[in-house]
Amino acid sequence: MGRDAEEASLPVSSSELEQEEDDDDCYLSDQEDDALEESVLQVLEDEHLEDCHWSSSSVITKESLLLAQREDLRKVIELLGLREHHARTLLIHYRWDVERIFELLDQKGRDRLFSEAGIPLQNANNAGSTSSTEVTCNVCFEDVPPTATSEMDCGHNYCNDCWTEYFIVKINEGQSRRVRCMAPKCNSICDEAVIRKLVIARRPDLAERFERFLLESYIEDNDTVKWCPSIPHCGNAIRVKGDIYCEVECTCGCQFCFNCSLQAHSPCSCIMWELWIKKCRDESETVNWITVNTKPCPKCHKPVEKNGGCNLVACICGQAFCWLCGGATGRDHTWSSISGHSCGRFTDDQTTKTEQARRDLYRYMHYHNRYKAHTDSLKQEAKLKHDIQGKISISENKESKIKDYSWVINGLNRLFRSRRVLSYSYPFAFYMFGDEIFKDEMTPEERELKQNLFEDQQQQLEFNVERLSGFLEKDFQNFTDDEVMDTMKHVINLSNVVDRLCKQMYQCIENDLLYPLRTPHNIAPYKSKGLDRASELNISWDSAEQSSQSTKCSQDEHRSQHVMHNNEYGILYGVSFIQLPIIREASPCIVLSHFLFFVAEAYFNFLCSIDYPRKAGF
């Protein structure tokens, strides 16, 4: 919503009035030296605080997905000396966490690490023999020649027809990323090259789906990579290194929480935000309103709302009952009693239930109204960008000594960020000081003390945000130079004050409110310069080529049999056609050399695919 405004920037034309708000905290005051010293110290402190929540994000597009996957495969292959499909099996089992694999290698040992992931400890000899003796398949009990069977690394050998039917079922069930051997009690993962060869001969469409599932496993099974939740889907994925409790912005403009993939909602935790949006959209508050304002008919049990002063009410079904207690009565109502009924005695349960429902309703309305008010203000203030651009154009074209109006854009960006924080602070307060999540975490005295502390900071932030909004809405294009200077001073000071208050609120939430609790609740840290915009994933050609060479060196003769099948899907083992866009912007000589490399690579693999069947004795 406020992303476009955050990206806007104006050229600086006067060093005299240069005030870059993102360079942090330049106060205009009479005590310039003291203010400068305070500003420098605060910048150092703020940078230290942001370093505590370090994270970096990058965008993985369709073109760079294969390269990103091969980068992790190369690390595992080089360290453990595995074949590619075994390395992928290991990475999928441990959710593509390379560092965790290296840690567990020391803790569990090689054999246990492999067996838990489904990698056979001793590879079977898949070359087989040239004997013409028929083999009996233990699944269909048919006698078939050895060339019509396939043996997995675990040593289990069945006919190709049974393997193919089994693989087709598994791919249709969505289990193609980890297809286990169909032998009883065998935990080994089948060789993806064998799966590819058998399935593509009968169902090319399923083979293509199998390839896609293997490729997308890097996103689906990876805790540090998630699809961008944009609607319609942009096709990008975001990879985060460091703290996963962060908010990122995709190159398509979608801003979201990386942990839960919902819209950016800090300072609310993910649990708080999920409960809040559910509470806002379901009928829970309608039920509360019915409980407070209606009473059930004792006959048909439908809710009845009272529309008059008489306490003898009648339902549409014809049943009369007493509004005071809900009991069924006759039709007569005198000054002293209702016919056949008297309800003057106090009943604590019904009164307590009604009052609690009324209190919960009013409490929710208090926080929701303020959350909605600031959200609506943010939408209205987003329209200020166009108006302010027009005002700046008018101001720059008139005769004036002031030509630099970057402070207006910086102030507008600060307004958007702080308004968003203020808006989400109300759902946070609703759950932080309510009974839904932390009922037994705090005593009533502690809750009241912490609530007062938080609301004091919230009130200060709200007051200064409204002041900043008021100054930015002024028609400064009609002001004199002195009036513009005065407005500039207030906007810059208020921008810094608001930024400082936001930081203080986050420190209060993290250190004073959430940290002492037994239930862990993590929130995305406050970013003074706005959400981190994910950068394009950059994998150099040298790195990609190195990954290709190391991958091929780790393959045995099994691999060459299936090179031509992969070329049908645009993937050549060791080199991907997806790499071509990376070198298009290079010089013609470099492009030509890489093109010749591709031709030689393809021809070499073609020769291998011809020679392999003769060597294997098929």
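Since this is a predicted model, take the numbers as computed values, not measurements. (Residues numbered from 1 in each chain as written. Predicted model: local features only at pLDDT ≥ 70, side-chain atom pairs only at ≥ 80, totals over all residues. Heavy atoms only, no water.)

> Quick question: what am I supposed to make of the packing of helix 4 (residues 84-93) against helix 6 (residues 110-117) here?
Following both chains from N to C, one finds helix 4 and helix 6 inclined at 80 degrees, their axes separated by 9 Å at the closest point. If you check the angle between helix 4 and helix 6, you find them roughly perpendicular. Within the contact between the two elements, helix 4 uses T89, L90 and H93 and helix 6 uses L113, F114, E116 and A117. Class assignment of the residues belonging to the contact of helix 4 with helix 6 gives a composition of four nonpolar, two polar and one charged. (Axes fitted to C-alpha atoms, helices over the stretch in contact; angles between N-to-C directions. Helix = DSSP H or I, 4+ residues; strand = E, 2+ residues; numbered from the N terminus. Parallel < 35°, antiparallel > 145°, perpendicular 65-115°, else oblique. Contact = heavy atoms within 4.5 Å. Nonpolar A, V, L, I, M, F, W, Y, C, P; charged D, E, K, R; others polar.)

> I keep staring at the nonpolar core and nothing clicks. Help me out?
Among soluble globular proteins, nonpolar side chains are generally buried collectively. Formed by 55 residues in total, the largest nonpolar core has its most connected members in F428, M432 and L461. Of all the secondary structure elements, the ones that give two or more residues to this core are helix 10 (270-281), helix 12 (348-382), helix 13 (384-397), helix 14 (406-432), helix 15 (444-472) and helix 16 (481-514). Top element by residues in this core is helix 14. It accounts for 15 residues. If we skip the residues at most four places from it in the chain, M432 touches M272, F438, M442, L513, L514 and L517. (Core = buried A, V, L, I, M, F, W, Y, C linked by side-chain atoms within 4.5 Å. Buried < 20%, exposed > 50% of the residue type's maximum accessible area, 1.4 Å probe, protein only.)

> Teacher, can you tell me more about the confidence of the model for the protein chain here?
Overall, the predicted model of the protein chain reaches an average pLDDT of 77, with 73% of residues at or above 70. Here strand 16 (residues 571-572) is the element of the protein chain with the lowest mean pLDDT, 33, and helix 14 is the one with the highest, 94. Throughout residues 43-51 the model reports pLDDT below 50, and contacts reaching past four residues in sequence, or to other chains, amount to nine contacts. Predicted confidence is poor over residues 607-618, with pLDDT under 50, and the contacts of this stretch with residues over four places away or in other chains come to twelve contacts. (pLDDT = per-residue confidence, 0-100.)

> Would you mind going over unusual backbone geometry with me for this structure?
Keep in mind that most residues, glycine aside, have a negative phi and that most peptide bonds are trans. A cis amide bond, omega -5 degrees, links I231 with the succeeding residue P232. Its location among the elements puts P232 in the loop between strand 6 (225-227) and strand 7 (237-242). For the peptide bond that leads from S266 to P267, omega is 15 degrees, which places it in the cis range. Mapping P267 onto the fold places it in the loop between strand 9 (255-257) and helix 10. Although it is not a glycine, R95 sits at a positive phi angle of roughly 55 degrees. Turning to its location among the elements, R95 is positioned in the loop between helix 4 and helix 5 (98-108). Even without being a glycine, W96 presents a positive backbone phi close to 55 degrees.

> I would appreciate a short explanation of the packing of aromatic side chains in the present structure.
Here the distance between the centres and the angle between the planes together describe a pair of aromatic rings. For the structure shown, the criterion picks out 21 aromatic pairs. On the basis of an interplanar angle of 55 degrees and a centroid distance of 5.9 Å, the ring pair of Y166 and F167 is categorised as tilted. The exposure classification of Y166 matches that of F167, with both residues buried. One cation-aromatic arrangement involves K295 over W323; the distance from NZ or CZ to the ring centre is 5.1 Å. R363 extends its terminal NZ or CZ atom over the ring of F430, reaching a point 4.6 Å from the ring centre. (Phe/Tyr/Trp six-rings, centres within 6.5 Å; stacked < 30°, edge-to-face > 60°. Lys NZ or Arg CZ within 6 Å of the ring centre and 35° of its normal.)

> Whenever I open this one, empty space enclosed by the protein confuses me. Can you help?
Empty space among the atoms can be located by rolling a probe the size of a water molecule over them. The final tally for this structure, using the stated rule, is seven cavities of 30 Å³ or more. Space inside the largest cavity adds up to approximately 200 Å³. Around the largest cavity, the lining comprises 14 residues; the ones closest to its centre are E247, R417, R420, V421 and L531. The residue makeup of the lining of the largest cavity, split by class, is six nonpolar, three polar and five charged. (1 Å grid on protein atoms, 1.4 Å probe; cavity = no way out; pocket = protein on both sides within 12 Å on 5 of 7 lines; lining within 4 Å. Points joined across faces, edges and corners; volume = space filled by probe spheres on them.)

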